[in-house]
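Read off the chains here:
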Protein chains: 2
Amino acid sequence: MKLIVRISLKKSILDPQGEAISNSLKSLGFSKLNSVRQGKILELDLEETDPDCGVKIAKEMCEKLLVNSVIENYSLEIE
Amino acid sequence: MKLIVRISLKKSILDPQGEAISNSLKSLGFSKLNSVRQGKILELDLEETDPDCGVKIAKEMCEKLLVNSVIENYSLEIE
């Protein structure tokens, strides 16, 4: 099964990459842009067919390695 | 309105970052993992209320700056 992990910076954390993208877009003439925030997406391909087990494994991966919970939030979805 | 741009490497393109993450997870004992692919996610906050116009603007942004269409695919969703 495939699982998608969406990792984004918490709202209170500055995002210089997103800001750089936002500035570039504005300088290209996109004036209707308020802001950009950049995040990561991970596609996990698991050898597991049970959705509950898959989500449990993915959560453990996020907590042990993938996500820095001090500055990042994450969400999981099954594809 | 908020739009989410999901950018991922095309299937035929090697993803060394994803592979590094996969190796790290395996060395932590996650044996049920087949593979990991890493991508980017961009949250665009637009000053626009019409969904069609918003999507049109976002597509233009992707084609002009955000996505390298030689190696990357993207998808848009309205949040």
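Up top is the structure these notes are about.
Criteria and cut-off values
- Just so you know, the residues in each chain are numbered from 1, in the order the chain's sequence is written.
- By the order in which they are written, chains take letters starting at A while ligands take numbers starting at 1.
- Restriction of local features to residues with pLDDT of at least 70 applies here, the model being predicted, together with a cutoff of 80 or more for giving and counting side-chain atom pairs; totals for whole chains, interfaces and linings are based on all residues.
- By convention in this description, side-chain values take in all heavy atoms of the structure and omit both hydrogens and water.
- Contacts between residues were defined by any pair of non-hydrogen atoms, one from each residue, lying within 4.5 Å.
- As a working definition, buried area equals the accessible area (1.4 Å probe) given up by two parts on being put together, with both sides summed.
- Throughout this description, the term salt bridge denotes a Lys or Arg side-chain nitrogen within 4 Å of a carboxyl oxygen of Asp or Glu.
- Note on geometry: axes are C-alpha line fits, over the in-contact stretch for helices, and angles between N-to-C directions span 0 to 180 degrees.
- Secondary structure follows DSSP: runs of H or I at least 4 residues long count as helices, runs of E at least 2 residues long count as strands, and numbering of each begins at the N terminus.
- Convention used here: angles under 35 degrees read as roughly parallel, angles over 145 as roughly antiparallel, angles from 65 to 115 as roughly perpendicular, and any remaining angle as oblique.
- Just so you know the grouping, Ala, Val, Leu, Ile, Met, Phe, Trp, Tyr, Cys and Pro go in nonpolar, Asp, Glu, Lys and Arg go in charged, and all remaining residues, Gly too, go in polar.
- DSSP bridges decide pairing: two strands pair if at least two such bridges lie between them.

## Structural notes on the interface of chain A and chain B
Taken together, the contact between chain A and chain B spans 36 residues of the former and 36 residues of the latter. The junction of chain A with chain B conceals about 3,200 Å² of combined surface from both sides, 60% of it contributed by carbon and sulfur atoms. Contact with chain B buries area across many residues of chain A, yet A:Phe30, A:Lys32 and A:Ile41 alone supply 19% of it, more than any other trio. Where chain A touches chain B, the interface holds four salt bridges.

## Some thoughts on the packing of helix 1 (residues 16–27) of chain A against helix 2 (residues 51–66) of chain B
Running from amino to carboxyl end, helix 1 of chain A crosses helix 2 of chain B at an angle of 100°, the nearest separation of the two axes being 11 Å. It follows from the interaxial angle that helix 1 of chain A and helix 2 of chain B lie roughly perpendicular. Of the residues in helix 2 of chain B, those touching helix 1 of chain A at A:Ile21, A:Ser24 and A:Leu25 are B:Met61, B:Leu65 and B:Leu66. Here the residues of the contact of helix 1 of chain A with helix 2 of chain B are counted per class, giving five nonpolar, one polar and no charged.

## Looking at the sheet that holds strand 3 (residues 72–78) of chain B
Pairing in this open sheet of six strands is antiparallel, and the strands run 3(A)-1(A)-2(A)-2(B)-1(B)-3(B) from one edge to the other. Each edge of the open sheet is held by one strand with a lone partner, namely strand 3 (72–78) of chain A together with strand 3 of chain B. Pairwise comparison of adjacent strand axes, ignoring direction, gives a mean angle of 25° for this sheet. Relative to strand 2 (residues 33–46) of chain B, strand 1 (residues 2–9) of chain B runs antiparallel, the two sharing seven bridges. The residue of strand 2 of chain B that forms the bridge with B:Ile4 is B:Glu43. Seen against the sheet, helix 1 of chain A touches strand 2 (33–46) of chain A together with strand 2 of chain B and runs at an angle of roughly 125° to strand 2 of chain A. Relative to strand 3 of chain A, helix 2 (residues 51–66) of chain A is tilted by about 160°, and along the sheet it contacts strand 1 (2–9), strand 2 and strand 3 of chain A together with strand 2 of chain B.

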